Amino acid sequence: MTTQVPKVGFVSLGCPKALVDSERILTELRREGYQVSPSYQDADLVVVNTCGFIDAAKAESLEAIGEALAENGRVIVTGCMGAQPEDIRAVHPAVLAVTGPQAYEQVMAAVHTHLPPVAHDPYLDLVPPQGIKLTPRHYAYLKISEGCNHRCSFCIIPSMRGDLVSRPAGEVLGEAERLVAAGVKELLVISQDTSAYGVDLKYRTDFWNGRPVRTRLTELARALGSLGAWVRLHYVYPYPHVDEVIPLMAEGLVLPYLDVPLQHGSPRILKLMKRPAATEGTLERLRAWRSICPELTLRSTFIVGFPGETETDFQQLLDFLEQAQLDRVGAFTYSPVAGATANTLADPVPEAVKEERYARLMEHQARISAARLQDKIGRTIDVLIDAVDADGPIGRSASDAPEIDGVVYIDDAPALKPGDKVRVVVTDADEHDLYADLAP
Ligand code: SF4
């Protein structure tokens, strides 16, 4: 007798945090004996993991749900937008179920209701112990907490995902160890606020392989650094205690890279944004970090055209960028998110002014970033190979996070493959990327 294996299609939208949620759901599905189908037509139903961060992401999510309904007809919605089921049902009343962010059990319960699993055969349905990954095999996102204790006025994440809930250090380290054992060469630590890690657990001591480890950023970073993979920290705010992490970078345990979302350079606008760690000390802090670890790459994101932003505020932002000499900068024009308190602020900035300021900021920063990259010419650096195309291998250095930063193009190195780590000499640079030869 043959048993029909139930097949689930999966659509994953949104940020790296949502990607981690998708990986967990997929791992659970496989563990229970479901097959993951690559096409709508073969699937018995489709799970859509949505993003609801900004209105454009919501529109994309609704479109993806519509496509899955048209192509397959049986759709379960989960993820950030699932926190507002009425918005989904208003457009797509035919969805089978809607569950919210991080609601793994609820998604699985909905799948069980609409597509019962067959009896699971552990010998046939073994899931690799590191779970299912959606990123290339040699790097992986490691989510250390959910939710956020801040209440930035432009953000609705806390209302969707709740207050900070940290994963105990032993659990995070166990996952990291399995990932490295499975061939992962780079761990990308993510959360909404990495610097706040463990505060909800009062930095409780947990255990990893019988050893005590505090659930706290410095201790976690040090332990992660002992695994031998690159460790890259994202979404770190410039709090005083982050100073402790910088020596770990100078020691080579953690990549000398920090992704610090600063959002603005005007104290008045930062106050309106209700940003964490938004004090005048930021520039001094960045300088102190660089004096401990001169190799430190700083990445940040900024919002231009926030309600109330005057030309003076904007100039302050440009001055801040001039002084901070950040290596990488991403910027967005402010767009209101339904439910965010910033929508009620006075003096919205006209769209044309937002666009004009955005263009000025990007031009201003491009000069700074390009000059910082030029300084690397002649240096020998380590590179992790991401891909090999017709023109040769493409990798990333310690200064480049996947998808958001630049890359390193390596000349004349045909034998390299994704996941290899090599030393190269930088021969040229443009605004974003480096060009290099293998080191002799
Ligand atoms: S720190 Fe602010 S922007 Fe980031 S998730 Fe928390 S509330 Fe949102």
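Conventions and cut-offs
- Residues numbered from 1 in each chain as written.
- Predicted model: local features only at pLDDT ≥ 70, side-chain atom pairs only at ≥ 80, totals over all residues.
- Heavy atoms only, no water.
- Helix = DSSP H or I, 4+ residues; strand = E, 2+ residues; numbered from the N terminus.
- Buried < 20%, exposed > 50% of the residue type's maximum accessible area, 1.4 Å probe, protein only.
- Contact = heavy atoms within 4.5 Å.
- Pairing = 2+ DSSP bridges.
- Axes fitted to C-alpha atoms, helices over the stretch in contact; angles between N-to-C directions.
- Salt bridge = Lys/Arg side-chain N within 4 Å of Asp/Glu carboxyl O.
- Near = heavy atom within 4 Å.
- Nonpolar A, V, L, I, M, F, W, Y, C, P; charged D, E, K, R; others polar.
- Core = buried A, V, L, I, M, F, W, Y, C linked by side-chain atoms within 4.5 Å.
- Phe/Tyr/Trp six-rings, centres within 6.5 Å; stacked < 30°, edge-to-face > 60°.
- Lys NZ or Arg CZ within 6 Å of the ring centre and 35° of its normal.

Turning our attention to the overall build of the protein chain. Within the protein chain, the secondary structure is distributed over 12 helices and 20 strands. Viewed in the frame of its principal axes, the protein chain has a C-alpha envelope of about 70 × 60 × 50 Å. Relative to its 440 residues, the protein chain shows a buried fraction of 56%. At a minimum sequence separation of 6, the contacts of the protein chain that also span at least 24 residues come to 73%.

Turning our attention to the sheet that holds strand 3 (residues 45-50). Strands belonging to one sheet form pairs held by backbone hydrogen bonds; the direction of such a pair is parallel or antiparallel. Reading across from one edge, 2-1-3-4-5 is the order of the five strands in this open sheet, with parallel pairing throughout. Strands at the two margins of the open sheet, each flanked by one partner only, are strand 2 (35-37) and strand 5 (97-98). The sheet contact formed by strand 1 (residues 7-12) and strand 3 spans five bridges and is parallel. What sits directly across from Val8, in strand 3, is Leu45. Against the sheet, helix 2 (residues 55-71) contacts strand 1, strand 3 and strand 4 (75-79), and its axis sits at roughly 175° relative to strand 3. Where helix 4 (residues 104-114) meets the sheet, its contacts fall on strand 1, strand 3, strand 4 and strand 5, and the angle it forms with strand 4 comes to roughly 175°.

Moving on, we get to the pattern of salt bridges. Overall, the coordinates contain 29 salt bridges when judged by the stated rule. Salt-bridge contacts for Glu251 lead to Arg222; the nearest nitrogen and oxygen are separated by 3.5 Å. Placement of Glu251 in the loop between helix 8 (246-250) and strand 13 (257-259) and of Arg222 in helix 7 (residues 217-225) is noted, with a sequence separation of 29 residues between them. Glu251 sits in the partly exposed class, given a relative accessible area of 49%. Between Asp243 and Arg285 there is a salt bridge, and its shortest N-O distance comes to 3.0 Å. Note that Asp243 is positioned in the loop between strand 12 (230-233) and helix 8 and Arg285 in helix 10 (residues 282-292), a separation of 42 residues in sequence. Classification of Asp243 as partly exposed rests on a relative accessible area of 28%. Overlapping salt bridges bring together Glu309, Glu311, Glu356, Arg357 and Arg360 as one network.

Let's shift gears to the site of the ligand. The environment of the ligand is formed by Cys148, His150, Cys152, Phe154, Cys155, Ile157, Pro158, Gln192, Tyr237 and Arg275. Looking at side-chain class alone, the shell around the ligand contains seven nonpolar, two polar and one charged residues.

Turning next to the nonpolar core. Counting 53 residues, the largest nonpolar core has Leu224, Leu233, Met249, Leu258, Trp289 and Leu361 as the members making the most contacts within it. In terms of residue count, helix 11 (residues 311-324) provides more of this core than any other element does, six residues in total.

Scanning all chains against the criterion turns up five aromatic pairs. Note on Phe154 and Phe306: the rings are 6.4 Å apart at their centroids and 80° apart in plane angle, and the pair reads as edge-to-face. Of this pair, Phe154 sits in the loop between strand 7 (145-146) and helix 5 (157-161) while Phe306 sits in the loop between strand 14 (297-304) and helix 11, and the two are 152 residues apart along the sequence. Residue Phe154 shares its accessibility class with Phe306, and that shared class is buried. One aromatic cluster in this structure is built from Phe154, Phe306 and Tyr334. A cation sits over an aromatic face here: Arg216 above Tyr203, 5.7 Å from the ring centre. Its end group placed over the ring of Tyr257, Arg232 keeps NZ or CZ at 4.5 Å from the ring centre.

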